[in-house]
Amino acid sequence: MGKMKTYEIGDSRLSKSKITGMRTGKGGILFLEKDVFCRRIFLPALVAEKKGHRWGRLHLEYELSEEAVCRVWAFAADEKEAVEACFEDAEASERKLLFEREGHLCGVNCQDMLLYELCGKYLWILIEVSGSSGGVLRNIRVEGIGDSFLNTFPEIYREEGGFLHRYLSVFSTLYQDFQREIDEVHKWLDLDTAPRQFLYQYAEWLGMELDGEFLEEELLRELVKNAYALNRIKGTREAVSRLVEMVLSKEAVIVERGLLQVKLEEEEKEVYNRLYGDSPQDVTVLVQCDGQEKEKARLLFLLKQFKPVRTRLSLVFLSEQSRMDSYCYMDRNAKLYQASEASIDRGAVMDSYYIR
């Protein structure tokens with residue numbers, strides 16, 4: 001049946017489009033601006049190999065509110081210059097009128113639209129979304145040929161746009177979607193393009209427990225990519241240090257209680273034991289950042305998977321301090337004492353501020 005030519009509406013094509021009420025994101029995604037009732041995107045012309053080309057199917061995925069309406073118009077012609085001259089000089093509303101008069105309304109709130117009625121070397125598409133709520137448009141693509149099955153029938157049955165043609169398009173669409181998945185199956189094994197649910201399985205194969213949706217996708221991919229290297233140094237200071245750097249982009253200071261071979265007075269020993277533990281198996285990881293409890297919990301969960309056996313791990317986020325006998329270090333987070341009043345939503349700590 002031949003390889004289907006598909007026109008992907010990616011980042012490069014979107015950058016050349018005329019957009020109103022939308023903003024572009026990575027991977028050919030369009031975000032609808034809120035409090036704007038009518039948004040439009042006018043895509044630059046798609047070019048077929050020859051004149052009189054009959055176009056196939058337009059695919060569009062979206063996430064819209066119930067009251068939103070998505071309309072798609074398309075227009076095909078063999079001459080480009082004259083048509084684009086009209087579009088260039090027209091405003092957004094006038095351009096829509098041209099599409100309504102000369103083009104074809106493909107569908108309303110549809111994700112798959114047949115373009116069999118459109119013939120021409122060049123194809124222009126206008127997408128309009130009305131409604132004040134936000135939303136997302138993604139995976140916009142046009143298939144270059146109309147049907148994969150019609151040409152397998154005798155010529156007497158090949159009526160373009162007829163009942164049999166449209167009936168076969170149902171099965172042709174299923175076939176093309178399956179073929180597309182088969183052609184892209186190699187992406188499932190690429191850690192940069194694999195679906196998120198696959199990454200959890202790969203992590204499990206590599207001995208990491210990352211289930212639970214507690215990691216951002218970018219960080220999840222980074223951890224799976226480095227899982228083999230981390231497993232080679234599992235149970236070492238380097239593994240703990242590299243994990244902290246990957247998750248927080250901060251340098252960690254690791255204090256092993258068993259290596260603190262210093263003679264201490266009884267009072268000093270009490271402080272050391274309170275800060276760094278009282279047994280040789282205690283390890284304290286110090287990170288200078290203002291982390292939240294959620295960040296601390298997820299990092300500790302990851303560190304416990306790579307810490308040395310039988311060690312008791314403690315994670316401390318260093319904030320600015322001026323108190324003696326606490327996690328206060330002159331070359332890192334020490335500050336002069338300055339009394340201040342506590343206030344809500346400003347990161348106030350109960351033992352560092354006073355209320356009057």
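Residues numbered from 1 in each chain as written. Predicted model: local features only at pLDDT ≥ 70, side-chain atom pairs only at ≥ 80, totals over all residues. Heavy atoms only, no water.

Asker: Can you break down the overall build of the chain residue by residue, with the values?
Answerer: Each helix and strand counted, the chain has ten helices and 14 strands in total. Out of the 356 residues belonging to the chain, those deemed buried represent 39%. Across the chain, every contact between residues at least 6 apart in sequence was considered, and the portion connecting residues at least 24 apart equals 70%. Working note: accessible area of the chain is about 21,900 Å², and carbon and sulfur atoms make up 50% of it. (Helix = DSSP H or I, 4+ residues; strand = E, 2+ residues; numbered from the N terminus. Buried < 20%, exposed > 50% of the residue type's maximum accessible area, 1.4 Å probe, protein only. Contact = heavy atoms within 4.5 Å. Areas by Shrake-Rupley, 256 points an atom, 1.4 Å probe, with all protein chains shown as cover.)

Asker: Can you break down the sheet that holds strand β8 (residues 104-108) residue by residue, with the values?
Answerer: Reading across the sheet, the five strands line up as β2-β5-β10-β7-β8 and stay open at both edges, with antiparallel pairing between neighbours. Edge positions in the sheet fall to β2 (18-20) and β8, since each of these pairs with one other strand and no more. The average angle at which neighbouring strand axes cross in this sheet is 15°, direction not considered. Bridge count for strand β7 (residues 69-77) against β8 is four bridges, and the pairing is antiparallel. In the sheet register, W73 faces β8, and the bridge partner there is L105. (Pairing = 2+ DSSP bridges. Axes fitted to C-alpha atoms, helices over the stretch in contact; angles between N-to-C directions.)

Asker: So, unusual backbone geometry: which residues are in play, and what are the values?
Answerer: Even without being a glycine, N109 presents a positive backbone phi close to 55°. With respect to the element layout, N109 can be found in the loop between β8 and β9 (112-114). Residue class for N109 comes out partly exposed when judged on its relative accessible area of 36%. Unusually for a residue other than glycine, S249 sits at a positive phi of about 55°. Structurally, S249 can be placed in the loop between α8 (237-248) and β12 (252-256).

Keep in mind that these numbers describe shape and distance, not what the molecule does.
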